[in-house]
Amino acid sequence: MKFGIVVFPGSNCEHDCYHVVKHVLRQEACFLWHKDRTLAGSDCVILPGGFAHGDYLRCGAMAKFSPIMETVARFAKEGGPVLGICNGFQILTESGLLPGALVRNRSLHYLCLDLTLRVETTNSPFTAQIPPGKVLKMPVGHGEGCYFADAKTLKRLEVEGRIAFRYCDSKGNLTEESNPNGSLLSIAGVLNERGNVMGFMPHPDRCAESILGNEDGRLIFESVIAATQGH
Amino acid sequence: MSENTEPAVDLNLALAHGLSSEEYEKVRAILGRTPSYTELGIFSLMWSEHCSYKSSRIHLKRFPTTGPQVLQGPGENAGAIDIGGGLAAIFKMESHNHPSYVEPYQGAATGVGGILRDIFTMGARPIASLNSLRFGSPDHPRMRYLLGGVVGGIAGYGNCVGVPTVGGEVAFHPSYNGNILVNVLNLGIAHAGRIFRGQARGPGNSVFYVGSRTGRDGIHGASLLASASFEADSQTKRPTVQVGDPFAEKLLLEACLELMKTDAIIGIQDMGAAGLTSSSVEMAGRGGTGIDLDLDRVPVREEGMTPYEMMLSESQERMLVIVRRGSEEKVRQIFRKWDLEGVPVGEVSAGGSLRVHFRGKRVADIPVKPIADGAPLLKRPMERPAWQDEVGRLDLTGLKDVVHPPKALKGLLGSLNLCSREWIYRQYDHMVRTNTVVRPGSDAAVIRIKGSPHALALTTDCNGRYCYLDPRSGARIAVAEASRNLACSGAVAQALTDCLNFGNPERPEVMWQFSECVDGIGEACRALEIPVISGNVSFYNETEGKGIFPTPTIGMVGIIEDARLAMRSFFCKEADVVVLLGETGEELGGSEYLSQAHRLEAGPLPVLDLEREEAVQLACIEAIGEGLVSSAHDCAEGGIAVALAESCFHPEGMLGAEVTLPAGRRLDAILFGETQSRILLSLPKFNLGKLEKICQDREAPFSLLGAVGGSRLKIHVGEEAVINTALTELKRPWAEALPAWMV
Amino acid sequence: MKVRVTVLYKKGVLDPQGKTILSSLHQLGYKEVTDVRAGKVLELSLPKMGKAQLEKRVKEMCDKLLANPVIEDYQFEVAE
């Protein structure tokens, strides 16, 4: 299958995503410039991490006006899988493709460390291959990763099974220490109504190779590949 | 201010620009007339300490700078070494001390920006940053603010640009109260055959200005003395500290790397400190050409900028590019794509002069060669300080030995100089680019090279107290320890870069310290075969006549043959045996323990035998390369007891140890003495024989200390159990000291 | 003319910066401060235009880009 990785000015994990899908998972991959209007035949679109437009004003606020985002929205509407990682998640919420917003970490500091998280639903192309309830370890790197949505939206997300991942401790318990950015309901990843758009704060692209000491991130990419090839 | 109201140039104005009267006479002799105001500005910049290295050049010649691996030694934007597979590692370290004291966030941020440009200007994609920081006394009211700001600035800039900050060091000492140190190192990877240099060749080729616009930033900042008396009225609103724009830098980085894939570039150089002046003069100098500049075409951010201001501005995120004739459109196109300025501002000329034009007038016409060749070369007087002998003495007879070792150990672990740095490095994105194999917290950071079996190990090191007590030995130890850090990760050291931070060079004592440190670095480099390939000198780190500890920071890079064998410093397997390479002497002089427990900063430094050092390092590297070892950790500040405790603090689950150290010396020296050339290894018992054989072949001392296991650290000295403490109890002060101090 | 736009977190959105500033003020002895909200101020320079048109345009800018309605409220005033 073919992954299209969107490059905004200021993206900085595009090469990391490309490396994982192309060299580790041996899939096709291409870069999509933010001013393009075509997805070049991609089966899955990734909005990578970074600081699109310098994160000036608000993270993701300016990226939503890039021409490619119209095409991405159309692709999503047609059911195509779209994965926003870190800054990509912020862009998805700013664009309205996902509910809520990512605000400043509780600590006010940028946080780069491994966290543990629990998969909450296997009913999505990004999580289908992950054993239900499994605790994964993945690195995060963000200053604005605290997930916020109003109470009504949160309730809806919960009821509709659209919370994809939650930060937890190594045993799977939701605790305050295991949620250092202060996300509401410990949310690490959410899905759109149809389940084909996921915003995800941790970096699966940073933990998909044994030499980096952690391969948990592969599960997300492999889920997408399986879901797409199963079509 | 317009050009016709420019001040008349005379000796007083030259003096106010930091030129001496002899230098001013030399300028007049070179030009055959009185310089224009703009010319005076150009000379004063180029002949400043910052650009000309006038106090240090004569000494720096003593460094070994060559080796089969060296692709580019000192003299360019950065140094380069061959790392195999057709690839080159390009790296350099620079200081941004003074700006960081004035405005810590922006000072540190623009320091990172500057060093990144030095690397990508050579055609390399930056893949790793490190930083070496020094702060004053923890009690000093400004230090929290300074540390928070510096760390925030490094994080803010580096994270945004997407270059991981993978390691470094921090230390505190009152000598840095008025002058903190912010030294930043960056390393990039390029194709060995595609290294770009700052050279202006081929008369008729275009000179392009690319990047951000020029404002009045930092005029008289980094390089000139800020004289309040001259031009006082127009100075007031000028910021002397520049503000960094990491987003612009990221665009500039991507645009330059994209341009470098074409054949459009003849030469390229950063316009950082000393801006348009040094980039044009230096490129013409290296190319043996001249440059004609048309300042009317320089993109400016502010209205009414004069030629003087444009030539001296230190606005960030700009480059000067010499473009092959006929490729101009390609350059415009790429920079347009990245929303950056990319405009021709001049031409390479055959005449050998820098000619600057503004509004139809020639405002400067300077022969390039004499600016470079004629730059002052000072042989400043040197004198060994009268107090040097005094501080080198230490009489242990009156000094009480340690009474309560566990308490002393906890004290050291919980001190700001030795505690965990996690509060700092978790604010740095140390994983972006997905190459970080060994993260911050071990002796050296390790970066894999995609598409190559090798990895690079990086470290920075310097003990300022050592260099104060004995500059030559202290500098030798800094090199040896940096190399040892790399050995602990399994890497063979390849080359180093340095940041030589000192006080006022006009004081003979400081010059003596400088010269001694240069010789110490040189000696160790020659013995360990590690060339110096780039670096930077920072003088005048002095307030009210009190200089900092001499701090020649070493940044070193090594190669690990098999990236998969990269080693960390933590015990990781129950029942592994613990071995010491090297031997422990009775050496307390200059130690962290003496300083903390007895408020004593004195004594002869631990003796460094460079042959022994090499033997120990080679044994360690070979054992790691053979896959025999589970962990390796250097014994440094705080001695073997601290090294053992640190080895127990595995980030994914602590693991204790029980060891026995030979008795027969002072207990404090056994536990906390800083004898050099020691490495702590853990390994499966069945590999012990092979390790012993390696050590015999290499003539590296070897002793079995004990075994890994449990949740306590137990240290026996001879028959006596001197430490038997739960790891949780040891780790708490170590983990909490820095965040607790920062609150 | 200049328009000053003030953007603040909505009530109910965690404002850690405001909280931190509040506790610093308390530490400095300014106990009378009961709440701090940290936000941002944007100053827009525009050509002269009628009040109604100005308000319409600036409101549009705020809704589209300058504030995120999910988390932020805004207000604006003509500064000069």
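Everything below is about the structure printed above this text.
Residues numbered from 1 in each chain as written. Chains lettered and ligands numbered in written order. Predicted model: local features only at pLDDT ≥ 70, side-chain atom pairs only at ≥ 80, totals over all residues. Heavy atoms only, no water.

Student: Could you give an account of the overall build of chain B, with specific residues and numbers?
Tutor: The number of helices and strands found in chain B is 26 helices and 28 strands. What you see for chain B is a C-alpha radius of gyration of 26 Å, in line with the 27 Å of a compact globule of 743 residues. The C-alpha extent of chain B, read off along each of the three principal axes, is 90 × 55 × 45 Å. Among the 743 residues that make up chain B, the fraction classed as buried is 66%. Within chain B, contacts between residues at least 6 apart in sequence are counted, and of these 84% link residues at least 24 apart. As displayed, chain B offers around 25,300 Å² of accessible surface, 50% of which is attributable to carbon and sulfur atoms. One way to put it: in chain B the 73 positive side-chain charges average out to a point 4 Å from where the 89 negative ones average out. (Helix = DSSP H or I, 4+ residues; strand = E, 2+ residues; numbered from the N terminus. Rg over C-alpha atoms; globule rule 2.2 N^0.38 Å. Buried < 20%, exposed > 50% of the residue type's maximum accessible area, 1.4 Å probe, protein only. Contact = heavy atoms within 4.5 Å. Areas by Shrake-Rupley, 256 points an atom, 1.4 Å probe, with all protein chains shown as cover. Lys, Arg positive; Asp, Glu negative; His and termini not counted. Charge placed at Lys NZ, Arg CZ, Asp CG, Glu CD.)

Student: Before we move on, could you go through the environment of Gly244 of chain B and cite the residues and values that matter?
Tutor: Residue and element names in this part refer to chain B. With respect to the element layout, Gly244 can be found in the loop between helix 9 (232-235) and helix 10 (246-260). The class for Gly244 is buried, based on a relative accessible area of 17%. Setting aside residues up to four positions removed in sequence, Gly244 forms contacts with Gln106, Thr110, Tyr157 and Glu317.

Student: Report on unusual backbone geometry, specifying residues and quantitative values.
Tutor: Apart from glycine, the bulk of residues carry a negative phi angle, and the bulk of peptide bonds sit in the trans form. Residues and elements named next belong to chain B. For Arg599, which is not a glycine, the phi torsion comes out positive at approximately 50°. Mapping Arg599 onto the fold places it in the loop between helix 21 (592-598) and helix 22 (610-625). Among the residues examined, Arg599 registers a relative accessible area of 73% and is labelled exposed. In this structure, Ser677 is a non-glycine residue whose phi angle is positive, near 60°. Here Ser677 falls in the buried class, since its relative accessible area comes to 3%.

Student: Help me get a handle on the packing of aromatic side chains, residues and values and all.
Tutor: Scanning the entire structure with this criterion turns up 16 aromatic pairs over all chains. Taken together, the aromatic side chains of Tyr176, Trp387, Tyr468 and Phe549 of chain B make up a single cluster linked through ring pairs. Above the plane of the ring of Trp47 of chain B lies Lys26 of chain B, whose end atom (NZ or CZ) is 5.9 Å from the centre. Positioned above the aromatic ring of Trp33 of chain A is the side chain of Lys337 of chain B, whose terminal nitrogen or guanidinium carbon lies 4.7 Å from the ring centre. (Phe/Tyr/Trp six-rings, centres within 6.5 Å; stacked < 30°, edge-to-face > 60°. Lys NZ or Arg CZ within 6 Å of the ring centre and 35° of its normal.)

Student: Would you mind going over helix 1 (residues 14-24) of chain A in detail, with residue names and values included?
Tutor: Buried residues of helix 1 of chain A: Glu14, Asp16, Cys17, His19, Val20, Val21 and Val24 of chain A, and no others. On its buried side, helix 1 of chain A packs onto strand 1 (2-7), strand 2 (28-33), strand 3 (44-47), strand 4 (82-85) and helix 5 (218-229) of chain A together with strand 15 (445-448) of chain B. Immediately beyond the C-terminal end of helix 1 of chain A, within one or two residues, lies Arg26 of chain A, with a positive phi of roughly 60°.

Student: Quick rundown of the pairing of strand 26 (residues 702-708) of chain B? Include the residues and the values.
Tutor: It is a general feature of regular strands that their side chains alternate between the two faces of the sheet. All names here are of chain B. Where strand 22 (residues 577-581) meets strand 26, five bridges bridge the pair, whose relative direction is antiparallel. What sits directly across from Leu581, in strand 26, is Phe702. Here three bridges tie strand 24 (residues 657-661) to strand 26, and the two strands are oriented antiparallel to one another. Paired with Val659 across the two strands is Gly706, which belongs to strand 26. (Pairing = 2+ DSSP bridges.)

Student: Which residues make up the interface of chain C and chain A, and what are the values?
Tutor: On the chain A side, the residues contacting the 17 residues of chain C number 15 residues. Each partner contributes to the roughly 1,300 Å² buried at the junction of chain C and chain A, and carbon and sulfur atoms together form 68% of this total. Notably, a salt bridge pairs Arg58 of chain A with Glu72 of chain C, separated by 3.5 Å at the nearest N-O pair. Where chain C meets chain A, there are six residue pairs in polar contact (both at pLDDT 80 or more). Looking at the side of chain C that touches chain A, the elements with two or more residues in it are helix 1 (16-27), strand 2 (39-45) and helix 2 (51-66) of chain C. (Buried area = accessible area lost by both parts, 1.4 Å probe. Salt bridge = Lys/Arg side-chain N within 4 Å of Asp/Glu carboxyl O. Polar contact = N/O pair within 3.5 Å; in protein donor to acceptor, adjacent residues only side chain to side chain.)

Student: Before we move on, could you go through the arrangement of the chains and cite the residues and values that matter?
Tutor: Here the protein chains form two pairs of chains in contact, of which the pair with the most contacts is chains A and B. Taking C-alpha atoms as the reference, chain B and chain C come no closer than 11 Å and do not contact one another.

Student: Can you explain the pairing of strand 28 (residues 720-726) of chain B? Please cite residues and give values.
Tutor: Residue and element names in this part refer to chain B. The pairing of strand 27 (residues 712-717) with strand 28 spans six bridges and is antiparallel. When the sheet's bridge partners are listed, Lys714 is paired in strand 28 with Asn724. Where strand 27 folds back on strand 28, the antiparallel hairpin that results is connected by two residues, among which Gly718 adopts a positive phi of roughly 60°.

Student: Would you mind going over the sheet that holds strand 12 (residues 353-358) of chain B in detail, with residue names and values included?
Tutor: Remark on secondary structure: sheet strands pair via backbone hydrogen bonds, oriented parallel or antiparallel. Residue and element names in this part refer to chain B. Taken in spatial order, the seven strands line up as 8-10-7-11-9-12-13 in an open sheet, and their pairing is mixed. At either end of the open sheet lies a strand with only one pairing partner, and these are strand 8 (265-270) and strand 13 (361-367). Averaged over all neighbouring strand pairs, the angle between strand axes comes to 20°, with direction disregarded. Against the sheet, helix 3 (residues 37-46) contacts strand 12 and strand 13, and its axis sits at roughly 35° relative to strand 13. (Axes fitted to C-alpha atoms, helices over the stretch in contact; angles between N-to-C directions.)

Student: How would you explain the pattern of salt bridges if you had to name every residue and give the values?
Tutor: Residues and elements named next belong to chain B. The final tally for this structure, using the stated rule, is 66 salt bridges over all chains. Taking the shortest distance from any N to any O, the salt bridge between Asp270 and Arg117 comes out at 2.6 Å. Pair noted here: Asp270 is in strand 8 and Arg117 is in helix 7 (residues 104-120), with a separation of 153 residues, a long-range link. In this pair, the class of Asp270 matches that of Arg117, namely buried. A salt bridge links Arg507 to Glu542; the nearest nitrogen and oxygen atoms lie 3.1 Å apart. Separated by 35 residues along the polypeptide, Arg507 in the loop between strand 17 (492-501) and helix 20 (508-528) and Glu542 in strand 19 (residues 542-543) bring together distant segments of the chain. Accessibility expressed as a relative area gives 27% for Arg507, which makes it partly exposed. By relative accessible area, Glu542 is classed as buried at 18%.

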